Amino acid sequence: MADINKLSVEIITTWDLTEKHKQSWQKLAANHYNPNVFFTLDWLTLWWDVFAQKNDRLHVIFISIADNIVGICPFYFQGDTTLRFIGTGEPEISEVCSEYLDVLIERSNQSIVLDVITQQLSGIMGGINKFEFNNVLKGSHILAVANKLKKQCFINKRCVGLRYSANLPKSYREFTESLSKSFMTQMRRKQRKLSKLKGQFVEVNSENELNLYLQHLQQLHCARWNKKGLQGAFSEKTFIHFHHKFTRVLLAKNLLSMKVLIIDDEIHGVIYNMVYCGARFFYQIGINLDYKENLSIGTQLHLEEIRTAIAKNDNIYDFMKGKITNSYKQNFTNQTTEMFDIVLINKLHLKSIFKLLFSRFRCKWF
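The structure contained in this document is the topic of the report that follows. Values in this document were obtained by computation on a predicted structure and should not be read as measured data.

### Here we look at the packing of aromatic side chains
Phase 1 of the analysis: Evaluation of the coordinates by the stated rule reveals 24 aromatic pairs.
Phase 2 of the analysis: Measuring from centroid to centroid gives 4.8 Å for F38 and W43, while their planes differ by 90 degrees, and the two rings are edge-to-face.
Phase 3 of the analysis: For F38, a relative accessible area of 0% translates into the label buried.
Phase 4 of the analysis: With a centroid separation of 5.5 Å and an interplanar angle of 80 degrees, the aromatic rings of F183 and F332 are classed as edge-to-face. Separated by 149 residues along the polypeptide, F183 in helix α6 (residues 181–196) and F332 in the loop between β12 (316–322) and β13 (335–346) bring together distant segments of the chain.

As structure tokens, this is what we get:
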């Protein structure tokens, strides 16, 4: 049992972290119940460097017991009104979609750390308007904290989609046998067709290849959305800048999985995935919709990535957030989890607003 007399809280307001901070962050992130790339220091520090605004302020909480860091809250103040997770709150047009964000807690001290986080947020509450947490998983620690604050806050929790993921077996054959027979019958026919066309899947292994294929991903992705009269994510300069930098970080650490599908010396599809702690996260895809052959290029790229994931002993292929109904991702996956946006507003703050509005209304009425 933890000695609460040896408990301490440290608030960090700059990224000048000590080696102890960094090592503890890496350890707690990797041992989270759902380890993912979006709460690694690589992702969050780059996000802050690219997207933080002048009035945004870091508020990272480190919780220690007997000099051992057992909890980390990667928060920031967005202006003077809102507390959020680092990695969220950028303009929608350039949104990089950080998902599954959460507080990081050592499992053996979960209960006491949740209480400390609740106390910390309760202490902040009087000075700002709201807490806003996006794309959090059902069962996440931050939802448990929100529940502890329900006496003080009005809570709006809205399901915004489902996480689609596949627990991978030991062999690719076993995986395909778990899928719909009609789906795989169709795909095997298209795979034979691709083989006759001498299609090749090529893995990105160098920075020169990354530069080339990332550009093709941008072009194919935007062309696909432009056909719908919309702009693709890769049409926005800040979004492109972020991923030009982050893909290089991943490549250097052997955590990037980017494949291209080449037919007759032309690139017809590119898929961009991230690898972390035995899971492969699907991030983005670009396919040539003008190619005359019906090959289901996107599906072929996903199946090839899953084949690679199994060969490298990954445990999970994670499609991340998708629509609640009628998502193509359900063709591949055997597990879904609800995802939420949650907003907490101080009850006293709302009451003061209502009181002010009522007094103004009463003055006008009389």
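### Remarks on the packing of α6 against helix α9 (residues 297–311)
Phase 1 of the analysis: α9 packs onto α6 with a crossing angle of 95 degrees between their chain directions and a minimal axis gap of 11 Å. Judged by the angle between their axes, α6 and α9 are roughly perpendicular. Contacts between α6 and α9 pair F183, M187, K190, Q191 and L194 from the former with T299, Q300 and L303 from the latter.
Phase 2 of the analysis: Of the residues assigned to the contact of α6 with α9, the class counts are 4 nonpolar, 3 polar and 1 charged.

### Brief notes about the packing of helix α3 (residues 110–124) against helix α4 (residues 141–148)
Phase 1 of the analysis: It is the contact of α3 with α4, at a shortest axis distance of 9 Å, that shows an interaxial angle of 60 degrees. Classed by the angle they form, the pair α3 and α4 counts as oblique. Here α3 runs over α4; the crossing is right-handed. Facing α3, whose interface residues are Q110, L114, D115, I117, T118 and L121, α4 presents H141, A144, V145 and K148.
Phase 2 of the analysis: Across the contact of α3 with α4, the residue classes tally to 5 nonpolar, 3 polar and 2 charged.

### Considering the pairing of strand β11 (residues 279–287)
Phase 1 of the analysis: Counting buried residues along β11, 9 of its 9 residues qualify, which places the element largely inside the surrounding structure.
Phase 2 of the analysis: Bridge count for strand β10 (residues 266–276) against β11 is 8 bridges, and the pairing is antiparallel. Paired with Y272 across the strands is Q284, a residue of β11.
Phase 3 of the analysis: Turn length for the β10-β11 hairpin, with the two strands adjacent in sequence and antiparallel, is 2 residues, and the turn residue C277 shows positive phi of about 50 degrees.
Phase 4 of the analysis: The sheet contact formed by β11 and β12 spans 3 bridges and is parallel. Looking at β12, one finds that A279 is bridged to I316.
Phase 5 of the analysis: Regarding the hand of the β-α-β motif, the stretch spanning β11, α9 and β12 is right-handed.

### What to know about helix α7 (residues 207–226)
Phase 1 of the analysis: Compared with the 28 Å implied by 1.5 Å per residue over 20 residues, the 28 Å span of α7 between its first and last C-alpha is a close match.
Phase 2 of the analysis: Taken as a whole, α7 has its buried residues at L210, Y213, L214, L217, Q218, L220, H221 and C222.
Phase 3 of the analysis: Against β8 (200–203), α8 (237–252), β9 (256–263), β10 and β11 lie the buried residues of α7.

### Re the nonpolar core
Phase 1 of the analysis: Of all hydrophobic cores here, the largest spans 87 residues; its most connected members are W25, F75, F131 and M258.
Phase 2 of the analysis: The element contributing the most residues to this core is helix α2 (residues 41–51), with 8 residues.
Phase 3 of the analysis: Residues within four places of W25 in sequence aside, it is in contact with W15, L17, F39, T40, L41, L44, V60, F62, I72, P74 and L104.

### Some remarks on a positive patch on the surface
Phase 1 of the analysis: On the surface, a cluster of positive charge is made up of R188, R189, R192 and K196.
Phase 2 of the analysis: Structurally, the position occupied by R192 is in helix α6.

### Thoughts on the pattern of salt bridges
Phase 1 of the analysis: Taken as a whole and assessed by the stated rule, the structure comprises 17 salt bridges.
Phase 2 of the analysis: Close ionic contact of K20 with D67 constitutes a salt bridge, the shortest N to O distance being 2.8 Å. Taken together, the positions of K20 in helix α1 (residues 19–30) and D67 in the loop between β2 (57–65) and β3 (68–78) put the pair 47 residues apart, joining distant regions of the chain.
Phase 3 of the analysis: Classification of K20 as partly exposed rests on a relative accessible area of 34%.

### What to know about the side chain of H221
Phase 1 of the analysis: Along the chain, H221 turns up in helix α7.
Phase 2 of the analysis: If we ignore the near neighbours within four places in the chain, the residues touching H221 are G232, A233, F234, Q284, I285 and G286.

### Structural notes on the side chain of D102
Phase 1 of the analysis: Tracing the sequence through the fold places D102 in the loop between β4 (82–85) and β5 (104–105).
Phase 2 of the analysis: R107 provides the closest opposite charge to the buried, unpaired D102, separated from it by 11 Å.
Phase 3 of the analysis: Here H32 takes part through its side chain, which lies 3.0 Å from a polar atom of the side chain of D102.
Phase 4 of the analysis: Here I142 takes part through its backbone nitrogen, which lies 2.9 Å from a polar atom of the side chain of D102.

The rules behind the values
- Residues numbered from 1 in each chain as written.
- Predicted model: local features only at pLDDT ≥ 70, side-chain atom pairs only at ≥ 80, totals over all residues.
- Heavy atoms only, no water.
- Phe/Tyr/Trp six-rings, centres within 6.5 Å; stacked < 30°, edge-to-face > 60°.
- Buried < 20%, exposed > 50% of the residue type's maximum accessible area, 1.4 Å probe, protein only.
- Helix = DSSP H or I, 4+ residues; strand = E, 2+ residues; numbered from the N terminus.
- Axes fitted to C-alpha atoms, helices over the stretch in contact; angles between N-to-C directions.
- Parallel < 35°, antiparallel > 145°, perpendicular 65-115°, else oblique.
- Contact = heavy atoms within 4.5 Å.
- Nonpolar A, V, L, I, M, F, W, Y, C, P; charged D, E, K, R; others polar.
- Left-handed = near helix turned anticlockwise from the far one by under 90°.
- Pairing = 2+ DSSP bridges.
- Right-handed = clockwise from strand over helix to strand, strands pointing away.
- Expected span 1.5 Å × (residues − 1).
- Core = buried A, V, L, I, M, F, W, Y, C linked by side-chain atoms within 4.5 Å.
- Patch = residues over 30% accessible without salt bridge, like charges linked within 9 Å, V, L, I, M, F, W, Y side chains within 5 Å.
- Areas by Shrake-Rupley, 256 points an atom, 1.4 Å probe, with all protein chains shown as cover.
- Salt bridge = Lys/Arg side-chain N within 4 Å of Asp/Glu carboxyl O.
- Lys, Arg positive; Asp, Glu negative; His and termini not counted.
- Charge placed at Lys NZ, Arg CZ, Asp CG, Glu CD.
- Polar contact = N/O pair within 3.5 Å; in protein donor to acceptor, adjacent residues only side chain to side chain.

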